[in-house]
Amino acid sequence: MHMPLEDTLGLNLLAANHHQAEHNREHFDAWQVLCLNVMSSPGAGKTSLLEQTLTALSADLAMAVLEGDMTTQLDADRLEAVGVPVVPITTGRACHLDASMVSGGLKMLQQRLDPASLDLLWVENVGNLVCPAEFEVGEHLKVALLSVTEGDDKPLKYPVMFREADCVLITKTDLLPYLPVDIARIEAHIRQVNPHCTVLRVSATSGEGLAAWHSWIRQQVSSQLVSLRNPHGHNVVPQLVNA
Amino acid sequence: MTKCLVLSMNQWRQQHSPAVPVVERVHLQVGDFTCVEPDQLLFTWRVAVENSWLDGAELVVEAVPLVGRCVRCQQTYSPAPDTAYRSPCCDHPMEEIVTGRELRIRSVDYTLES
(Lines give C-alpha, C1' and ligand atoms only; values in the text may rest on other atoms or scores of the structure.)
Protein backbone atom coordinates (compact mmCIF):
# COMPACT_ATOMS: atom_id res chain seq x y z
CA MET A 1 0.00 0.00 0.00
CA HIS A 2 1.24 3.47 -0.87
CA MET A 3 0.09 6.64 0.82
CA PRO A 4 0.90 10.00 -0.74
CA LEU A 5 2.74 12.11 1.78
CA GLU A 6 4.23 15.56 1.85
CA ASP A 7 6.92 16.66 4.24
CA THR A 8 7.28 20.39 4.70
CA LEU A 9 10.97 20.86 5.21
CA GLY A 10 11.85 24.53 4.89
CA LEU A 11 15.38 23.20 4.72
CA ASN A 12 18.08 25.52 3.45
CA LEU A 13 19.76 23.98 0.46
CA LEU A 14 23.13 24.91 1.89
CA ALA A 15 22.33 23.64 5.40
CA ALA A 16 25.13 21.06 5.41
CA ASN A 17 27.67 23.69 4.35
CA HIS A 18 26.33 26.14 6.95
CA HIS A 19 26.76 23.53 9.69
CA GLN A 20 30.35 22.86 8.68
CA ALA A 21 31.04 26.59 8.39
CA GLU A 22 29.68 27.14 11.91
CA HIS A 23 31.92 24.35 13.13
CA ASN A 24 34.94 26.00 11.51
CA ARG A 25 33.97 29.32 13.05
CA GLU A 26 33.74 27.76 16.50
CA HIS A 27 37.34 26.64 16.07
CA PHE A 28 38.43 30.12 14.98
CA ASP A 29 36.71 31.64 17.99
CA ALA A 30 38.25 29.10 20.37
CA TRP A 31 41.66 29.90 18.91
CA GLN A 32 40.85 33.64 19.00
CA VAL A 33 41.77 33.94 15.35
CA LEU A 34 40.07 36.28 12.92
CA CYS A 35 39.30 34.60 9.59
CA LEU A 36 38.95 36.69 6.43
CA ASN A 37 37.64 35.16 3.19
CA VAL A 38 39.13 36.97 0.19
CA MET A 39 37.21 36.68 -3.07
CA SER A 40 37.29 38.17 -6.54
CA SER A 41 37.32 37.30 -10.22
CA PRO A 42 40.50 35.65 -11.53
CA GLY A 43 43.27 38.21 -11.96
CA ALA A 44 41.79 40.96 -9.79
CA GLY A 45 44.93 40.92 -7.67
CA LYS A 46 44.15 38.81 -4.62
CA THR A 47 47.55 37.15 -4.45
CA SER A 48 49.50 40.33 -5.20
CA LEU A 49 47.61 42.19 -2.51
CA LEU A 50 48.15 39.36 -0.04
CA GLU A 51 51.89 39.26 -0.84
CA GLN A 52 52.11 42.93 -0.02
CA THR A 53 49.82 42.69 3.01
CA LEU A 54 51.56 39.71 4.57
CA THR A 55 54.91 41.40 4.13
CA ALA A 56 53.70 44.63 5.70
CA LEU A 57 51.87 43.10 8.67
CA SER A 58 53.86 40.00 9.56
CA ALA A 59 55.99 41.88 12.09
CA ASP A 60 52.87 42.74 14.11
CA LEU A 61 50.40 39.96 13.38
CA ALA A 62 50.84 36.19 13.33
CA MET A 63 49.17 35.03 10.12
CA ALA A 64 48.62 31.98 7.94
CA VAL A 65 46.88 31.41 4.63
CA LEU A 66 44.59 28.74 3.25
CA GLU A 67 45.12 29.11 -0.48
CA GLY A 68 42.37 27.87 -2.77
CA ASP A 69 43.00 27.20 -6.43
CA MET A 70 41.43 24.89 -8.98
CA THR A 71 44.80 23.62 -10.13
CA THR A 72 48.47 24.31 -9.36
CA GLN A 73 50.13 25.62 -6.22
CA LEU A 74 51.55 28.69 -7.94
CA ASP A 75 49.80 31.20 -5.69
CA ALA A 76 50.58 29.15 -2.57
CA ASP A 77 54.27 29.17 -3.54
CA ARG A 78 54.22 32.95 -4.01
CA LEU A 79 52.75 33.51 -0.56
CA GLU A 80 54.94 30.93 1.14
CA ALA A 81 57.93 32.87 -0.23
CA VAL A 82 56.85 35.80 1.93
CA GLY A 83 57.55 33.66 4.97
CA VAL A 84 54.00 33.00 6.12
CA PRO A 85 52.66 29.44 6.54
CA VAL A 86 50.45 28.54 3.59
CA VAL A 87 48.27 25.47 3.09
CA PRO A 88 47.24 24.95 -0.53
CA ILE A 89 43.74 23.63 -1.17
CA THR A 90 43.38 22.38 -4.72
CA THR A 91 39.69 22.17 -5.58
CA GLY A 92 40.01 20.21 -8.82
CA ARG A 93 37.03 21.20 -10.96
CA ALA A 94 35.15 22.97 -8.20
CA CYS A 95 34.92 26.72 -8.79
CA HIS A 96 34.86 27.68 -5.11
CA LEU A 97 35.97 26.63 -1.67
CA ASP A 98 33.35 25.18 0.62
CA ALA A 99 33.36 24.73 4.38
CA SER A 100 34.47 21.09 4.30
CA MET A 101 37.46 21.93 2.07
CA VAL A 102 38.50 24.62 4.54
CA SER A 103 38.03 22.15 7.39
CA GLY A 104 40.47 19.84 5.61
CA GLY A 105 42.88 22.74 5.18
CA LEU A 106 42.66 23.52 8.88
CA LYS A 107 43.64 19.95 9.75
CA MET A 108 46.71 20.30 7.52
CA LEU A 109 47.50 23.65 9.10
CA GLN A 110 47.35 22.12 12.57
CA GLN A 111 50.07 19.68 11.56
CA ARG A 112 52.37 22.66 11.00
CA LEU A 113 51.48 24.98 13.85
CA ASP A 114 49.19 25.68 16.75
CA PRO A 115 46.36 27.80 15.27
CA ALA A 116 45.88 29.47 18.66
CA SER A 117 49.24 31.15 18.06
CA LEU A 118 47.72 33.06 15.11
CA ASP A 119 45.99 36.43 15.06
CA LEU A 120 44.66 36.23 11.54
CA LEU A 121 43.86 33.45 9.10
CA TRP A 122 43.39 34.35 5.45
CA VAL A 123 41.34 32.22 3.08
CA GLU A 124 42.12 33.11 -0.51
CA ASN A 125 39.19 31.73 -2.45
CA VAL A 126 39.16 30.47 -6.04
CA GLY A 127 38.92 33.30 -8.57
CA ASN A 128 35.19 33.55 -9.29
CA LEU A 129 32.61 36.27 -8.69
CA VAL A 130 29.66 33.88 -8.52
CA CYS A 131 29.72 30.72 -6.38
CA PRO A 132 32.09 31.78 -3.56
CA ALA A 133 29.48 34.37 -2.57
CA GLU A 134 27.03 31.63 -1.58
CA PHE A 135 29.39 29.19 0.15
CA GLU A 136 30.53 30.48 3.50
CA VAL A 137 33.57 28.72 4.91
CA GLY A 138 33.37 29.88 8.53
CA GLU A 139 34.92 33.27 7.96
CA HIS A 140 34.12 36.20 10.22
CA LEU A 141 34.26 38.71 7.38
CA LYS A 142 34.25 38.66 3.59
CA VAL A 143 36.57 40.80 1.51
CA ALA A 144 35.80 41.23 -2.19
CA LEU A 145 38.22 42.69 -4.72
CA LEU A 146 37.28 44.43 -7.94
CA SER A 147 40.03 45.72 -10.19
CA VAL A 148 39.57 48.91 -12.19
CA THR A 149 40.23 46.96 -15.40
CA GLU A 150 37.04 44.95 -14.90
CA GLY A 151 34.71 47.87 -15.55
CA ASP A 152 32.24 49.78 -13.42
CA ASP A 153 29.28 47.51 -14.13
CA LYS A 154 30.50 44.43 -12.27
CA PRO A 155 28.80 45.21 -8.94
CA LEU A 156 25.51 45.26 -10.85
CA LYS A 157 26.32 42.15 -12.87
CA TYR A 158 27.52 40.12 -9.89
CA PRO A 159 25.49 41.75 -7.12
CA VAL A 160 25.44 38.84 -4.67
CA MET A 161 29.20 38.91 -4.26
CA PHE A 162 29.27 42.63 -3.54
CA ARG A 163 26.16 42.46 -1.37
CA GLU A 164 27.77 39.81 0.83
CA ALA A 165 31.12 41.58 1.23
CA ASP A 166 32.02 43.41 4.43
CA CYS A 167 34.86 45.20 2.67
CA VAL A 168 35.32 45.86 -1.03
CA LEU A 169 38.76 46.74 -2.34
CA ILE A 170 38.97 48.50 -5.69
CA THR A 171 42.36 47.31 -6.85
CA LYS A 172 44.98 48.30 -9.44
CA THR A 173 44.20 51.99 -9.06
CA ASP A 174 47.66 52.77 -10.44
CA LEU A 175 46.19 51.89 -13.86
CA LEU A 176 43.46 54.54 -13.71
CA PRO A 177 45.36 57.11 -15.84
CA TYR A 178 45.38 54.63 -18.70
CA LEU A 179 41.76 53.49 -18.57
CA PRO A 180 38.44 55.05 -19.57
CA VAL A 181 36.89 54.07 -16.27
CA ASP A 182 35.15 56.22 -13.68
CA ILE A 183 36.12 54.98 -10.23
CA ALA A 184 33.40 57.07 -8.58
CA ARG A 185 30.89 55.13 -10.68
CA ILE A 186 32.39 51.83 -9.48
CA GLU A 187 32.00 52.98 -5.89
CA ALA A 188 28.45 54.18 -6.51
CA HIS A 189 27.46 50.81 -7.96
CA ILE A 190 28.97 48.99 -4.99
CA ARG A 191 26.99 51.27 -2.67
CA GLN A 192 23.78 50.58 -4.56
CA VAL A 193 23.90 46.87 -3.72
CA ASN A 194 25.64 47.22 -0.36
CA PRO A 195 25.27 50.63 1.27
CA HIS A 196 27.11 49.75 4.47
CA CYS A 197 30.29 47.96 3.43
CA THR A 198 33.73 49.51 3.68
CA VAL A 199 35.08 50.52 0.25
CA LEU A 200 38.77 51.23 -0.23
CA ARG A 201 40.85 52.15 -3.26
CA VAL A 202 44.16 50.31 -3.31
CA SER A 203 47.14 49.50 -5.48
CA ALA A 204 49.62 46.83 -4.49
CA THR A 205 51.99 48.34 -7.07
CA SER A 206 51.98 52.03 -6.11
CA GLY A 207 51.00 51.53 -2.49
CA GLU A 208 47.96 53.79 -2.76
CA GLY A 209 45.37 53.08 -0.07
CA LEU A 210 47.36 50.33 1.60
CA ALA A 211 47.68 52.21 4.89
CA ALA A 212 43.89 52.40 5.11
CA TRP A 213 43.61 48.70 4.19
CA HIS A 214 46.12 47.71 6.87
CA SER A 215 44.31 49.89 9.38
CA TRP A 216 41.02 48.16 8.53
CA ILE A 217 42.66 44.76 9.09
CA ARG A 218 44.14 45.77 12.46
CA GLN A 219 40.80 47.18 13.51
CA GLN A 220 39.02 43.92 12.67
CA VAL A 221 41.61 41.82 14.51
CA SER A 222 41.25 44.03 17.58
CA SER A 223 37.46 44.02 17.37
CA GLN A 224 37.44 40.24 17.10
CA LEU A 225 39.49 39.92 20.27
CA VAL A 226 37.21 42.34 22.11
CA SER A 227 34.17 40.44 20.88
CA LEU A 228 35.51 37.07 22.01
CA ARG A 229 36.57 38.33 25.41
CA ASN A 230 33.16 39.93 25.97
CA PRO A 231 30.42 37.26 26.25
CA HIS A 232 27.93 39.78 24.88
CA GLY A 233 30.37 41.03 22.28
CA HIS A 234 28.36 39.79 19.32
CA ASN A 235 25.44 41.95 20.40
CA VAL A 236 27.30 45.22 20.39
CA VAL A 237 28.94 47.23 17.68
CA PRO A 238 32.66 46.40 17.84
CA GLN A 239 34.68 49.41 18.85
CA LEU A 240 37.96 50.42 17.35
CA VAL A 241 40.75 49.38 19.69
CA ASN A 242 44.13 50.90 19.02
CA ALA A 243 43.82 50.60 15.23
CA MET B 1 24.65 23.31 -5.67
CA THR B 2 23.09 20.13 -7.05
CA LYS B 3 25.46 18.16 -4.85
CA CYS B 4 24.17 20.14 -1.85
CA LEU B 5 20.59 19.34 -2.83
CA VAL B 6 21.29 15.61 -3.11
CA LEU B 7 23.16 15.71 0.21
CA SER B 8 20.21 17.40 1.90
CA MET B 9 17.84 14.81 0.44
CA ASN B 10 20.06 12.00 1.69
CA GLN B 11 19.88 13.49 5.17
CA TRP B 12 16.10 13.72 4.92
CA ARG B 13 15.95 10.07 3.82
CA GLN B 14 17.73 8.98 7.01
CA GLN B 15 14.76 10.24 9.03
CA HIS B 16 12.66 7.47 7.46
CA SER B 17 15.22 4.71 7.82
CA PRO B 18 14.97 1.77 7.45
CA ALA B 19 12.11 2.51 5.03
CA VAL B 20 13.08 4.02 1.70
CA PRO B 21 10.75 6.80 0.61
CA VAL B 22 9.80 6.86 -3.04
CA VAL B 23 10.05 10.51 -3.96
CA GLU B 24 7.77 11.89 -6.63
CA ARG B 25 8.58 15.58 -6.41
CA VAL B 26 10.99 17.85 -4.64
CA HIS B 27 9.75 21.43 -4.35
CA LEU B 28 12.57 23.92 -4.29
CA GLN B 29 12.43 27.69 -3.82
CA VAL B 30 15.19 29.61 -5.59
CA GLY B 31 15.43 33.34 -5.08
CA ASP B 32 16.29 35.61 -7.99
CA PHE B 33 19.04 37.19 -5.93
CA THR B 34 21.12 34.03 -5.60
CA CYS B 35 23.87 32.51 -7.68
CA VAL B 36 21.68 29.62 -8.81
CA GLU B 37 20.34 29.27 -12.35
CA PRO B 38 17.18 27.12 -12.14
CA ASP B 39 17.54 25.64 -15.66
CA GLN B 40 21.03 24.38 -14.88
CA LEU B 41 19.80 22.94 -11.61
CA LEU B 42 16.99 21.08 -13.41
CA PHE B 43 19.43 19.62 -15.92
CA THR B 44 22.09 18.61 -13.44
CA TRP B 45 19.46 17.17 -11.07
CA ARG B 46 18.46 14.59 -13.68
CA VAL B 47 22.07 13.58 -14.14
CA ALA B 48 22.93 13.62 -10.44
CA VAL B 49 20.09 11.33 -9.34
CA GLU B 50 20.37 8.83 -12.17
CA ASN B 51 20.55 5.27 -10.81
CA SER B 52 20.17 6.54 -7.26
CA TRP B 53 17.24 6.23 -4.86
CA LEU B 54 16.03 9.58 -6.23
CA ASP B 55 16.00 8.43 -9.85
CA GLY B 56 12.73 9.55 -11.43
CA ALA B 57 11.98 12.21 -8.84
CA GLU B 58 10.85 15.46 -10.39
CA LEU B 59 12.46 18.68 -9.28
CA VAL B 60 9.99 21.55 -9.19
CA VAL B 61 11.64 24.95 -8.93
CA GLU B 62 9.66 27.92 -7.73
CA ALA B 63 11.43 31.17 -8.56
CA VAL B 64 11.12 33.75 -5.81
CA PRO B 65 11.38 37.34 -7.07
CA LEU B 66 13.76 39.86 -5.60
CA VAL B 67 11.76 42.29 -3.47
CA GLY B 68 13.35 45.14 -1.56
CA ARG B 69 11.94 47.49 1.02
CA CYS B 70 12.92 51.13 1.05
CA VAL B 71 14.11 51.98 4.54
CA ARG B 72 12.99 55.57 4.08
CA CYS B 73 9.39 55.15 2.95
CA GLN B 74 8.88 51.46 3.82
CA GLN B 75 7.50 50.71 0.34
CA THR B 76 8.39 47.39 -1.24
CA TYR B 77 9.69 47.38 -4.78
CA SER B 78 11.41 45.16 -7.36
CA PRO B 79 15.08 46.10 -7.52
CA ALA B 80 16.65 45.58 -10.93
CA PRO B 81 20.18 45.83 -12.34
CA ASP B 82 19.14 48.37 -14.99
CA THR B 83 18.07 50.77 -12.26
CA ALA B 84 21.16 49.98 -10.18
CA TYR B 85 18.80 48.35 -7.64
CA ARG B 86 17.51 51.79 -6.60
CA SER B 87 14.34 52.35 -4.69
CA PRO B 88 11.93 53.94 -7.22
CA CYS B 89 10.54 56.38 -4.67
CA CYS B 90 13.73 58.10 -3.64
CA ASP B 91 16.67 56.43 -5.43
CA HIS B 92 17.87 54.97 -2.14
CA PRO B 93 20.27 51.99 -2.43
CA MET B 94 18.99 48.44 -1.98
CA GLU B 95 19.33 48.26 1.78
CA GLU B 96 16.73 45.72 2.85
CA ILE B 97 15.92 42.54 0.93
CA VAL B 98 12.51 41.06 1.70
CA THR B 99 12.63 38.06 -0.65
CA GLY B 100 15.00 36.79 -3.29
CA ARG B 101 17.74 35.13 -1.21
CA GLU B 102 15.87 31.83 -0.83
CA LEU B 103 17.61 28.53 -1.48
CA ARG B 104 15.15 26.29 0.27
CA ILE B 105 13.72 22.80 -0.07
CA ARG B 106 10.12 23.71 0.65
CA SER B 107 8.57 20.23 0.63
CA VAL B 108 8.84 16.68 -0.66
CA ASP B 109 6.02 14.58 -2.17
CA TYR B 110 6.63 10.90 -1.58
CA THR B 111 5.18 7.55 -0.66
CA LEU B 112 6.23 5.04 1.94
CA GLU B 113 5.61 1.33 1.64
CA SER B 114 3.67 0.07 4.62
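Right above here is the structure, for reference.
This report concerns the structure included in the present document.

Calculation rules
- Residues numbered from 1 in each chain as written.
- Chains lettered and ligands numbered in written order.
- Predicted model: local features only at pLDDT ≥ 70, side-chain atom pairs only at ≥ 80, totals over all residues.
- Helix = DSSP H or I, 4+ residues; strand = E, 2+ residues; numbered from the N terminus.
- Rg over C-alpha atoms; globule rule 2.2 N^0.38 Å.
- Buried ≥ 20, exposed ≤ 12 C-beta atoms within 10 Å, placed from the backbone.
- Contact = placed C-beta atoms within 7 Å.
- Nonpolar A, V, L, I, M, F, W, Y, C, P; charged D, E, K, R; others polar.
- Pairing = 2+ DSSP bridges.
- Axes fitted to C-alpha atoms, helices over the stretch in contact; angles between N-to-C directions.
- Core = buried A, V, L, I, M, F, W, Y, C linked by C-beta atoms within 7 Å.

### Things to note about the overall build of chain B
Moving on, step 1. What chain B contains, in helices and strands, is two helices and six strands.
Moving on, step 2. In terms of overall dimensions, chain B is more spread out than a globule: its C-alpha atoms have a radius of gyration of 18 Å, far above the 13 Å expected for 114 residues.
Moving on, step 3. For chain B, the proportion of its 114 residues judged to be buried stands at 30%.
Moving on, step 4. Look at the contacts in chain B between residues 6 or more apart in sequence, and 70% of them connect residues 24 or more apart.

### Observations regarding the interface of chain A and chain B
Moving on, step 1. In this complex, chain A contributes 30 residues to the contact, which on the side of chain B involves 28 residues.
Moving on, step 2. For the side of chain A that touches chain B, the secondary structure elements donating two or more residues are strand 1 (2-12), helix 1 (15-31), helix 5 (154-157), helix 6 (159-164) and helix 7 (183-193) of chain A.
Moving on, step 3. Each residue belonging to the side of chain A that touches chain B can be placed in one class, and the counts come to 18 nonpolar, seven polar and five charged.

### Notes on the environment of His19 of chain A
Residue and element names in this part refer to chain A.
Moving on, step 1. Summarising the element assignment, His19 is placed in helix 1.
Moving on, step 2. Judged by local crowding, His19 falls into the partly exposed class, with 13 C-beta atoms found within 10 Å.
Moving on, step 3. Residues His19 and Leu50, spaced 31 residues apart in sequence, show a C-alpha to C-alpha distance of 28 Å.

### Examining the sheet that holds strand 2 (residues 34-39) of chain A
Residues and elements named next belong to chain A.
Moving on, step 1. Strand order in this open sheet of seven strands is 4-3-5-2-6-7-8, and the pairing throughout is parallel. A single partner strand is all that each edge strand has here, and the edge strands are strand 4 (86-90) and strand 8 (198-201). The mean angle between the axes of side-by-side strands here comes to 20°, regardless of whether they run parallel or antiparallel.
Moving on, step 2. Here strand 3 (residues 63-69) runs beside strand 5 (residues 120-124); their pairing, made up of five bridges, is parallel.

### As for the nonpolar core
Burial of nonpolar side chains together is a common tendency in soluble globular proteins.
Moving on, step 1. Among the nonpolar cores identified, the biggest contains 85 residues, and Leu120, Leu121, Trp122, Val123, Ala144 and Met161 of chain A are the most heavily contacted of them.
Moving on, step 2. Contacts of Ala144 of chain A, omitting those with residues within four sequence positions, involve Met39, Ser40, Met161, Phe162, Ala165 and Val168 of chain A.

### Concerning the sheet that holds strand 5 (residues 96-99) of chain B
Pairing between the strands of a sheet is mediated by backbone hydrogen bonds and can be parallel or antiparallel.
Residue and element names in this part refer to chain B.
Moving on, step 1. In space, the three strands of this open sheet follow the order 4-3-5, with antiparallel pairing throughout. Looking at strand neighbours, the two that pair on one side only are strand 4 (76-77) and strand 5, the edges of this open sheet.
Moving on, step 2. One ladder, built from three bridges, connects strand 3 (residues 67-69) with strand 5; its direction is antiparallel. Looking at the pairing, Val67 lines up with Thr99 of strand 5.

### Description of the environment of Ala204 of chain A
All names here are of chain A.
Moving on, step 1. One can find Ala204 in the loop between strand 8 and helix 8 (210-229).
Moving on, step 2. Taking the C-beta count within 10 Å as the criterion, Ala204 has 23 such neighbours and is therefore assigned buried.
Moving on, step 3. Excluding its chain neighbours within four sequence positions, the residues that come into contact with Ala204 are Gly45, Ser48, Leu49 and Gln52.

### Here we look at unusual backbone geometry
Moving on, step 1. Looking along the chain, the bond that leaves Ser17 of chain B and enters Pro18 of chain B is cis, with omega of 10°.
Moving on, step 2. Looking at the secondary structure, you find Pro18 of chain B in the loop between helix 1 (2-14) and strand 1 (22-31).
Moving on, step 3. In this model, Thr72 of chain A sits at a positive phi of 70°, which is unusual for a non-glycine residue.
Moving on, step 4. Residue position: Thr72 of chain A is located in the loop between strand 3 and helix 3 (74-80).
Moving on, step 5. Overall, Thr72 of chain A belongs to the exposed group, with 10 C-beta atoms counted inside 10 Å.
Moving on, step 6. Backbone geometry at Gln74 of chain B places phi at a positive 70°, although glycine is not the residue there.
Moving on, step 7. Inspection of the secondary structure assignment puts Gln74 of chain B in the loop between strand 3 and strand 4.

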